[in-house]
Amino acid sequence: MPTLFIIATPIGNLSDVSERAKTTLASVDAVLCEDTRVTAKLLSAFAISVPTISYHQHSGEAKTSKIVDLLEGGKNLALVTDAGTPGISDPGGRLIEELVRHFGERLTVTPIPGPCALATALSVAGVPADEFLFLGFPPHKKGRQSFFERIRLTPCTVVFYESTHRILKTLGELTSRMPERPLVVCRELTKLYETIYRGSAAQVTEQLNSTSIKGEFVIVVAPL
Ligand code: SAM
């Protein structure tokens, strides 16, 4: 039976890769990845030489069929994304869903756990995390108002992802809708400019404005 390994990779700091991730990557017939250039860098950092196959948000049915054929042919594959745990707000989720539907019991899907921005942010947030709601990225247009309204009405901790380009806009919306809610905004986790901002949305905005706003962000909204 072929195996598809779902492998978590670092979210910044390469030392966070696990031994098991490295040995598994070195053992498979091919690695499915979001951006072949990003994964090539990771593999070369560990002197692993394995063919890569791109699988990203715009990949269509033809790419899925190619992956199905490889697995039908008995090849063992690994799935990684650009950073973190595949399937958590990235294209990996859709592929796993399609392959599980196609193969059912005929495919072994094995997780190789490791870094995930969501869990890393929660680990330092200092807010209740025995129950939380994870919402991925805020929609850019349609559904944006209801996204923030849902956060305002949720009684437990809420976590979501945001990019450099939209972080100030998003903090602006949080400031106007829930000015009192404490936030923990985690920037560039595990990287050189890792910074954890704590305070209301307005306070975090002020702190961010006093520095360079570049980076990747996880926003943790504490319960009231
Ligand atoms: N699957 C990934 C995971 O396990 O976290 C997340 C993929 S999602 C496409 C990418 C988003 O995760 C970024 O836009 C950012 O919001 C968050 N992220 C990833 N790495 C991060 C880091 N080092 N620091 C803060 N946020 C990060």
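Describing the site of the ligand
Looking at the ligand, there are 19 residues lining it, with Thr85, Asp90, Tyr161, Leu189 and Phe217 nearest. Contact between the ligand and Ala117: an oxygen atom at 2.9 Å from a main-chain N or O atom of the residue. When the ligand is considered free in solution it has 570 Å² of accessible area, and contact with the protein chains removes 92% of it. The pocket occupied by the ligand, as judged from atoms lying within 2 Å of grid points, is the largest pocket. Contributions of two or more residues to the shell around the ligand are made by strand E7 (157–162) and strand E10 (217–221). A class-by-class count of the residues in the shell around the ligand yields 11 nonpolar, 3 polar and 5 charged. Looking at which domains feed residues into the shell around the ligand, each of domain 1 (3–112) and domain 2 (117–221) gives three or more.

Some thoughts on the domain arrangement of the protein
What the domain assignment reports for the protein is domain 1 (3–112) and domain 2 (117–221). Distance between the C-alpha centres of domain 1 and domain 2: 28 Å. Taken together, the contact between domain 1 and domain 2 spans 6 residues of the former and 10 residues of the latter. For the domain 1 and domain 2 pair, buried surface summed over both sides reaches about 570 Å², with 63% attributable to carbon and sulfur atoms. Taken together, the connections running from domain 1 to domain 2 amount to 0 salt bridges. Counting the contacts that link domain 1 with domain 2 gives 2 residue pairs in polar contact (both at pLDDT 80 or more). Its residues assigned to classes, the side of domain 1 that touches domain 2 comprises 2 nonpolar, 3 polar and 1 charged.

What counts, and at which threshold
- Residues numbered from 1 in each chain as written.
- Predicted model: local features only at pLDDT ≥ 70, side-chain atom pairs only at ≥ 80, totals over all residues.
- Heavy atoms only, no water.
- Near = heavy atom within 4 Å.
- Polar contact = N/O pair within 3.5 Å; in protein donor to acceptor, adjacent residues only side chain to side chain.
- Areas by Shrake-Rupley, 256 points an atom, 1.4 Å probe, with all protein chains shown as cover.
- 1 Å grid on protein atoms, 1.4 Å probe; cavity = no way out; pocket = protein on both sides within 12 Å on 5 of 7 lines; lining within 4 Å.
- Sits in = over half its atoms within 2 Å of the grid points.
- Helix = DSSP H or I, 4+ residues; strand = E, 2+ residues; numbered from the N terminus.
- Nonpolar A, V, L, I, M, F, W, Y, C, P; charged D, E, K, R; others polar.
- Domains from an automatic or database assignment.
- Contact = heavy atoms within 4.5 Å.
- Buried area = accessible area lost by both parts, 1.4 Å probe.
- Salt bridge = Lys/Arg side-chain N within 4 Å of Asp/Glu carboxyl O.

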